[in-house]
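Residues per chain, in single letters:
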Amino acid sequence: MSTFRTTTAATFGSTTAAPGLERVRATRGRRPRSHSVGRSLWWFVLPALAVYLYVVLVPTVQGAAYSFTDWSSSSLDKTFIGWENYIEIFKGDAGPATIRTLFIAFVTVVAQNVIGLGLALLLNGAIRGRNVLRTIIFAPLVVSALVVGYLFKYIFGPPDIGGINTVLAALGMEQVDFLGNPTIALWIIIVTIIWQFTGSTMVIYLAGLQGVPAELLEAASLDGAGFWQRFWFIMRPLLAPAITINLMLGLIGGLKIFDQIFSLTGGGPAGQTQTISTLIYQLFSQFGQYGKSAALAMVLAVAVAILAFVQFSVLRRQEQYS
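Residues numbered from 1 in each chain as written. Predicted model: local features only at pLDDT ≥ 70, side-chain atom pairs only at ≥ 80, totals over all residues. Heavy atoms only, no water.

Visitor: For this particular structure, what's the right way to read the overall build of the protein?
Guide: When helices and strands are counted, the protein shows 14 helices and 0 strands. In the protein, the succession of helices and strands from N to C terminus is α-α-α-α-α-α-α-α-α-α-α-α-α-α. Counting all 322 residues of the protein, 33% fall into the buried class. If you sum the accessible surface of the protein, you get close to 19,800 Å²; carbon and sulfur atoms cover 68% of it. (Helix = DSSP H or I, 4+ residues; strand = E, 2+ residues; numbered from the N terminus. Buried < 20%, exposed > 50% of the residue type's maximum accessible area, 1.4 Å probe, protein only. Areas by Shrake-Rupley, 256 points an atom, 1.4 Å probe, with all protein chains shown as cover.)

Pasting the structure below:
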């Protein structure tokens, strides 16, 4: 019996252990496969990385260097002048333009999110024609910002030309120079931005609402919770990522706004609707002050980065506690 066991063990051991030993020996000294795969993936990233470096990082570094020079249409030597451009730009129109930019960004972010969230809550319910309404509200986003600006410029155009003034004249009412009044023109710009971008805000909130479990809402409703209680204690915490995305995109877009102002007012009347972006364009293209425009562009880039980072940090912390 012992002889049979020994013979059987030797036979089966030699047939089963040998392949295992061969695999161990074959893999001995060989690096894990994941390292080689990870290294090969870099070859796919390099083309996009090279384009990014050439299109984004290189011009950014060059712009930062030019901002410390006196480069202009009358002085092409690019002489180093230190912080002089940064000091001079805030002695001119940059201060009021900065305050105006922050005001536009704040108002548009708040309005877009409040209106977008309200529309998302409304169109997330079982109402007739909700898909058509979603499409109509989202449609302005796919239109060029310049086209939207010229559209509103025609609507609020000067007396005897603009659409609203034509209607007022037909009704025998006094016409209004909407874009000639700085206060009215600024609010028309804000309304234009809100009208165009509220649709994207609504879509992001709708996507977040799709992830809210219906069972939780039904259970809360059976327990006697009203709509606002269900929204505040169930929907709002689950919408935290969507709120973060919308606030971030709204803030960055509001600080960089250019197309609507350029096509609507061009920064007028008398520079009263000028923002940082339009002022950069004016310094560069109209006055030929390339060094100053580069300095103002660097100020805008740094301000956007800082405000976005602070906002993102605060919102992410709120997500964790909600």
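Back to the write-up after that little detour.
Visitor: Any chance you could explain the packing of helix H6 (residues 145-155) against helix H8 (residues 182-210) here in plain terms?
Guide: Working note: a packed helix pair is described by the angle between its axes plus the distance between those axes. Their axes nearest at 10 Å, the elements H6 and H8 cross at an angle of 130°. As the angle between them shows, H6 and H8 are arranged oblique. Read as a crossing pair, H6 and H8 show a hand that is right-handed. Mapping the contact onto sequence places Ala-145, Val-148 and Phe-152 in H6 and Val-191, Thr-192, Trp-195 and Gln-196 in H8. Split into classes, the residues belonging to the contact of H6 with H8 amount to 5 nonpolar, 2 polar and no charged. (Axes fitted to C-alpha atoms, helices over the stretch in contact; angles between N-to-C directions. Parallel < 35°, antiparallel > 145°, perpendicular 65-115°, else oblique. Left-handed = near helix turned anticlockwise from the far one by under 90°. Contact = heavy atoms within 4.5 Å. Nonpolar A, V, L, I, M, F, W, Y, C, P; charged D, E, K, R; others polar.)

Visitor: Looking at this structure, I do not really get the packing of aromatic side chains. What am I missing?
Guide: The geometry of an aromatic ring pair is captured by two quantities: the separation of the ring centres and the angle between the planes. Going through the model one piece at a time under the given rule, you end up with 16 aromatic pairs. The interplanar angle of 75° and the centroid separation of 5.3 Å between the aromatic rings of Phe-227 and Trp-228 together place this pair among those described as edge-to-face. Since its relative accessible area comes to 37%, Phe-227 is described here as partly exposed. Among the aromatic residues, ring-to-ring pairing joins Tyr-66, Trp-71, Phe-284 and Tyr-290 into one connected group. A cation over a ring is seen here: Arg-236 above Trp-232, with NZ or CZ 4.1 Å from the ring centre. (Phe/Tyr/Trp six-rings, centres within 6.5 Å; stacked < 30°, edge-to-face > 60°. Lys NZ or Arg CZ within 6 Å of the ring centre and 35° of its normal.)

Visitor: Is there a simple way to think about the confidence of the model for the protein in this case?
Guide: Low-pLDDT stretches of the model should not have their predicted coordinates read in fine detail. Residue-level pLDDT values for the protein average 84, and 88% of them are 70 or greater. The spread of mean pLDDT over the elements of the protein runs between helix H1 (residues 2-27), the lowest at 47, and H8, the highest at 94. (pLDDT = per-residue confidence, 0-100.)

Visitor: For this particular structure, what's the right way to read the pattern of salt bridges?
Guide: Between side chains of opposite charge, a pair can form as their charged atoms come close. Applying the stated rule across the entire model yields 1 salt bridge. The closest approach of N and O atoms between Lys-292 and Glu-88, which form a salt bridge, is 2.9 Å. Taken together, the residues span a long stretch of sequence, with Lys-292 in helix H14 (residues 290-321) and Glu-88 in helix H3 (residues 84-89) at a distance of 204 residues. Taking the relative accessible area as the measure of exposure, Glu-88 reaches 30% and is therefore partly exposed. (Salt bridge = Lys/Arg side-chain N within 4 Å of Asp/Glu carboxyl O.)

Visitor: Honestly, the environment of Phe-152 in this entry has me stumped. Any pointers?
Guide: Relative to the helices and strands, Phe-152 is located in helix H6. Placed 11 residues apart in sequence, Phe-152 and Gly-163 show a C-alpha to C-alpha distance of 9.3 Å. Those residues in contact with Phe-152, other than ones at most four positions away along the chain, are Val-191, Thr-192, Trp-195 and Leu-264.

Visitor: It is not clear to me how helix H10 (residues 227-238) should be interpreted in this structure. Could you clarify?
Guide: Structural remark: α-helix, 3.6 residues per turn; residues separated by three or four positions point the same way. Between its terminal C-alpha atoms H10 stretches 15 Å, which fits the 16 Å expected from 12 residues at 1.5 Å a residue. Of all the positions in H10, only Arg-230, Phe-231, Ile-234 and Met-235 are classed as buried. For H10, the angular spread of buried residues about the axis comes to 125°, placing them on one side. When the buried face of H10 is taken as reference, the exposed residues oriented beyond 90 degrees from it are Trp-228 and Phe-233. (Expected span 1.5 Å × (residues − 1). Arc of directions from axis to C-beta.)

Visitor: Sorry if this is basic, but what is going on with unusual backbone geometry here?
Guide: In this chain, Gly-268 is followed by Pro-269 through a cis amide linkage whose omega measures 0°. Tracing the backbone shows Pro-269 in the loop between helix H12 (259-264) and helix H13 (276-286). Phi angles above zero are rare outside glycine, and Asp-160 is one such case at about 70°. In this fold, Asp-160 is placed in the loop between H6 and helix H7 (163-170).

Visitor: What's the story with the side chain of Gln-196 in this structure? I'm lost.
Guide: Inspection of the secondary structure puts Gln-196 in helix H8. Assessed through its relative accessible area of 2%, Gln-196 is described here as buried. Looking at Gln-196, its side chain comes within polar contact range of the main-chain oxygen of Val-143, at 2.9 Å. Those residues in contact with Gln-196, other than ones at most four positions away along the chain, are Pro-140, Leu-141, Val-143, Ser-144, Ala-145, Val-148 and Gln-260. (Polar contact = N/O pair within 3.5 Å; in protein donor to acceptor, adjacent residues only side chain to side chain.)

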